Amino acid sequence: TNILFDQGIKLICIEHEFGLFLGQEAEFISFLSNLNKAQIAIVVTFHTVLPAPDRTLLDHVYRIAYHCSQIIVMTQGPANILTDIYKILPNKITVIEHGTHLAPAVDKNAILEKYSLLGNKILSTFGLLGPSKSIETTLYALPAIIAQHPNVKFLILGMTHPNLLRSNGEAYRNQLEAIVNQYDISDHVRFVNEFLSTEELLAYLSITDVYLFTSKDPLQAVSGTFSYALSSGCPIVSTPIPHVKEVLKEDMGTIIDFEDSDQLAARSE
């Protein structure tokens, strides 16, 4: 590639997720090797660090680390896994916590009025929709929550993940809508099927009474959506991914088991 011949480039930062390089692992290592030959330093941010790798994955991650000047992870848990299991030297690993945006002071009632939500207690979740988010965990809990709080409204913010959209269309969203119809809770659920700007997202978070993070993937190392909700001051009900277990304190929210709608209903009451 042309960057190998640009003498002005001294450092390249790579955001790494295994799915981005699926089937091209050898080519990725070759790319890193060529950067080394061009004396370009490499910093890789691992968004996922799997705790029980097979021999192939162990070797692949070790080879990535070999070519890097530094590896960045976003919580201490993945850093420990890299040193303890992948045997990567601690001085090659830096923990930089997941970033977020400053949440501006706003007129909450004005935003509730803008979105026709005045008088409602707001539950919300956001991000690119897909089965791993387990939105149905909340939908199954909603009837019990509504019985206690008849003015509750659950906002499902975000479009379907583009990769899922290409392979399965709107099958997952249709499944969620079928659950809404089955439980007759359409007056209490709103799908906002849009890619929200940062300004719009922060506005929705500013009116959120409880943020729901229901990922069912125990290997999801970190979550940007969780970080955004936390920095916006939202009380959070969450499943126990490593990021949440490390960061969420008792005065910030509560943790429920994966796919446990009964626990979610009890916590949200």
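Keep in mind that what you see is a predicted model, and the values were worked out from it rather than measured.

J.: So what exactly am I meant to see when it comes to the sheet that holds strand β4 (residues 93-95) here?
T.: Strand pairing within a sheet occurs via backbone hydrogen bonds; the two strands may be parallel or antiparallel. Pairing within the open sheet is parallel, and its four strands lie in the order β1-β2-β3-β4. A single partner strand is all that each edge strand has here, and the edge strands are β1 (11-16) and β4. Strand-to-strand, the axes of this sheet are offset by a mean angle of 25°, without reference to chain direction. With six bridges connecting them, β1 and strand β2 (residues 41-46) associate as parallel partners. From the neighbouring strand, Cys13 faces β2, where its bridge partner is Val43. Contacting β1 and β2, helix α1 (residues 25-37) runs over the sheet at an angle of about 165° to β1.

J.: How do you make sense of the sheet that holds strand β7 (residues 189-192) when you look at a structure like this?
T.: Pairing is parallel in the open sheet, where six strands are placed in the order β7-β6-β5-β8-β9-β10. With partners counted over all chains shown, the strands left at the sheet margins are β7 and β10 (253-255), one partner each. Looking at each pair of strands side by side, their axes are set apart by 20° on average, direction ignored. Against the sheet, helix α5 (residues 136-148) touches β5 (121-126), β6 (152-157), β7 and β8 (210-213), its axis set at about 165° to β6. Sheet strands touched by helix α9 (residues 224-231): β5, β8 and β9 (236-238). Its angle to β8, the strand with the most contacts, is close to 165°.

J.: What should I look at first to understand the side chain of Gln263 in this one?
T.: The residue Gln263 is located in helix α11 (residues 261-268) in this model. Of note is the side chain of Gln263, whose polar atom sits 2.8 Å from the side chain of Asp257. Contact partners of Gln263, with chain neighbours within four places excluded, come to Ile255, Ile256 and Asp257.

J.: Looking at this structure, I do not really get helix α8 (residues 198-206). What am I missing?
T.: The periodicity of an α-helix, 3.6 residues per turn, causes residues three or four positions apart to be oriented the same way. Every buried residue of α8 is accounted for by Leu201, Leu202, Ala203, Tyr204 and Leu205. Looking at the buried side of α8, the elements it contacts are α4 (108-114), β5, β6, β7, β8 and α9.

J.: Help me understand unusual backbone geometry in this model?
T.: Trans peptide bonds make up the majority, and among non-glycine residues the majority have a negative phi. Despite not being glycine, Ser116 shows a phi value in the positive range, around 55°. By the secondary structure assignment, Ser116 is in the loop between α4 and β5. For Asp184, which is not a glycine, the phi torsion comes out positive at approximately 55°. Looking at where Asp184 falls in the secondary structure, it is placed in the loop between α7 (171-182) and β7. Take Asp184: its relative accessible area is 65%, and that puts it in the exposed class.

Parameters at a glance
Residues numbered from 1 in each chain as written. Predicted model: local features only at pLDDT ≥ 70, side-chain atom pairs only at ≥ 80, totals over all residues. Heavy atoms only, no water. Pairing = 2+ DSSP bridges. Helix = DSSP H or I, 4+ residues; strand = E, 2+ residues; numbered from the N terminus. Axes fitted to C-alpha atoms, helices over the stretch in contact; angles between N-to-C directions. Contact = heavy atoms within 4.5 Å. Polar contact = N/O pair within 3.5 Å; in protein donor to acceptor, adjacent residues only side chain to side chain. Buried < 20%, exposed > 50% of the residue type's maximum accessible area, 1.4 Å probe, protein only.

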